[in-house]
Amino acid sequence: MSYKFNVTRVQESSISKVDFNNLPFGKTFSDHMFVADYINGAWTNLEIRPVAPIPTHPGNMAWHYGQAIFEGMKATRDAEGHALLFRPELHAVRLNNSAKRMSMPEVPEDLFLQAIHTLVDMEKAWIPPQTGSALYIRPFMYATDETIGVKASDTYKFIIFVMPVGPYYTNPVKLLAQDKYVRAVVGGVGEAKTAGNYAASLLPSTMARKEGFDQVMWLDGVHKKYIQEVGTMNIFFVVKDEIITPNLDGAILDGITRKSMLELFKDQGYKVTERPITIDEIIEAGQSGDLVEIFGTGTAAVIAPVSHLKYKDTTIELDMAKRQISKWAYDTINGIRNRTVTDKFGWIVEAKP
Ligand SMILES: *Cc1c(COP(=O)(O)O)cnc(C)c1O
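Residues numbered from 1 in each chain as written. Predicted model: local features only at pLDDT ≥ 70, side-chain atom pairs only at ≥ 80, totals over all residues. Heavy atoms only, no water.

**Some thoughts on unusual backbone geometry**
What counts is decided by this rule: Where helices and strands are cited, they refer to DSSP runs of H or I of at least four residues and of E of at least two residues respectively, numbered from the N terminus. Burial classes follow relative accessibility: with a 1.4 Å probe on protein chains only, a residue under 20% of its type's maximum area counts as buried, one over 50% as exposed, and anything between as partly exposed.
Its identity is not glycine, yet N40 carries a phi of approximately 50°, on the positive side. Along the chain, the position of N40 falls in the loop between strand 2 (32-39) and strand 3 (42-50). Note on N40: relative accessible area 78%, which makes it exposed. Backbone geometry at N45 places phi at a positive 50°, although glycine is not the residue there.

**Some details on the site of the ligand**
Formally: We call a residue near a molecule or strand as soon as one heavy atom of that residue lies within 4 Å of the molecule or strand. Within 3.5 Å is the distance limit for a polar contact, defined as a pair of N or O atoms, with the added protein rule that one can donate a hydrogen and the other accept it, and that residues adjacent in sequence qualify only through two side-chain atoms. A 1.4 Å probe and the Shrake-Rupley method give the accessible areas. Residues count as covered only by the protein chains that appear here. For this classification, the nonpolar set comprises Ala, Val, Leu, Ile, Met, Phe, Trp, Tyr, Cys and Pro, the charged set comprises Asp, Glu, Lys and Arg, and every other residue, Gly included, is treated as polar.
Around the ligand lies a shell of 15 residues, among which K193, Y198, E229, T257 and T299 are the nearest. Measuring from an oxygen atom of the ligand, one finds a side-chain N or O atom of R94 at 2.7 Å. Between T257 and the ligand, the recorded distance is 2.6 Å, taken from a side-chain N or O atom to an oxygen atom. When isolated, the ligand has an accessible area of 380 Å², and the protein chains bury 97% of it. For the shell around the ligand, a count of residues per class yields 4 nonpolar, 7 polar and 4 charged.

**Re the nonpolar core**
Nonpolar side chains in soluble globular proteins tend to end up buried together. Our working rule: Here the nonpolar core consists of buried residues drawn from Ala, Val, Leu, Ile, Met, Phe, Trp, Tyr and Cys, with membership extended through side-chain atoms lying within 4.5 Å.
By size, the foremost hydrophobic cluster in this structure holds 55 residues, and its most contacted members are F34, W43, I137 and F158. It is strand 8 (residues 156-165) that contributes the most residues to this core, 8 residues altogether. Formed by 26 residues, the second largest nonpolar core is a distinct cluster that contains L219, I235, I282 and A301.

**Here's the deal with the packing of aromatic side chains**
Under the convention used in this document: Stacked, edge-to-face and tilted labels apply to pairs of Phe, Tyr and Trp rings (six-membered ring for Trp) whose centres lie within 6.5 Å, assigned for plane angles under 30 degrees, over 60, and everything in between, in that order.
Scanning the entire structure with this criterion turns up 22 aromatic pairs. Both rings, one in F25 and one in Y136, keep their centres 5.5 Å apart while their planes meet at 65°; by these two values the pair is edge-to-face. Residue F25 is located in the loop between strand 1 (6-7) and strand 2, and its partner Y136 is located in strand 7 (residues 134-143); the two are separated by 111 residues in the primary sequence. Relative accessible area serves as the criterion here: at 23%, F25 is assigned to the partly exposed category. Seen from their ring centres, F86 and W347 are 5.6 Å apart, and the 75° between their planes marks the pair as edge-to-face. Of the two residues, F86 sits in strand 6 (residues 83-86) while W347 sits in the loop between helix 7 (325-338) and strand 18 (348-350), which places them 261 residues apart along the sequence. Classification of F86 as buried rests on a relative accessible area of 5%.

**Here's the deal with the side chain of S98**
For clarity, the cut-off: The contact criterion used is simple: two residues touch if any of their non-hydrogen atoms lie within 4.5 Å.
Mapped onto the elements, S98 comes out in helix 2 (residues 88-101). The exposure class of S98 is buried, given its relative accessible area of 1%. Polar contacts involving the side chain of S98 include one to the main-chain amide nitrogen of K193, which spans 3.0 Å. If near-sequence neighbours (up to four positions away) are discounted, S98 is found in contact with I69, A192 and K193.

**With respect to the packing of helix 5 (residues 256-267) against helix 7**
Threshold: To get an axis, fit a line to the C-alpha atoms, keeping to the stretch in contact for a helix; angles then go from 0 to 180 degrees between the N-to-C directions. Relative orientations are named as follows: roughly parallel for angles under 35 degrees, roughly antiparallel for angles over 145 degrees, roughly perpendicular for angles from 65 to 115 degrees, and oblique for any other angle.
Relative orientation of the contacting elements helix 5 and helix 7 amounts to 110°, with a least axis distance of 11 Å. On the basis of their axis angle, the class for helix 5 and helix 7 is roughly perpendicular. When helix 5 is examined against helix 7, the residues T257, S260, M261, L264 and F265 are found in contact with a partner set consisting of I325, W328, A329, T332, I333 and I336. By residue class, the composition of the contact of helix 5 with helix 7 is 8 nonpolar, 3 polar and no charged.

Given below as structure tokens:
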């Protein structure tokens, strides 16, 4: 099905004010956004319009009861200037999985994809050409009923805006594993890309930052022993010649970069295992010298090498000169995104209105 979008353009683009060589992550917005309203059981008012504040009633349910979900994707470009999307259909599916868990309406996959394609094509001048930079795409949905009283909202907004971004991390990442706070438990909402998971992570993250760490490495909520993930990334370890990552247990976010890297590693002939991993075994491997690399995977951070991991009184420091697998991973996934590496699985699609 093809949807009709009502398009209102900006009078003048703000692109000339942007320094594409110096892009802090998440601060620069493009000119236009996609907006749709869910009313009476259907998505209506489909429009693309200038990015601007949206007035909101104080009784807006999302503020009070937290029905808010999002996605994070990136558009890149190839040498000929085509705007490229990476596995967009998986983001459509995941948004709807988050929607189901949060008792929110689904967005038809074809509507999601048409909105992404149309908006990215319209904003393709905003895609930074530098490797490691990209146009970050943020689709999100929130409740809009003006009602106090706990129930699922009847109305919602679905919005997509895009932002040119540079690298998320410019240095290797320092992680702190702690057992006081947890991010998610099985049966909770850890699998959903919902705003509240991030709200719950802010206090422990701030505390970790005060101690000189970039992020918390989350342990499971029951035993405080099994490694889950890191802030905005899934986590991988290289122990001797094996790549290991926690299996999806129902509390871990099912990352599309994680999934793609697992497929690429296997295809390349690496030994890869998804299984429960305890913090103790990683600390021991760090002390014995068997732990070669740690890295995070996520759309925003791409592949982020880890230089330090602290747990209780032990800090493991990794030798950045020894990292090979995370380097290969970074070059491969960025290469596929810029079409300098063959896209043999057909993950890249050109953005076409
Ligand atoms: C989005 C996200 C990730 C990474 O998922 P990608 O699909 O690879 O971007 C990992 N963990 C959390 C908590 C996330 O929200």
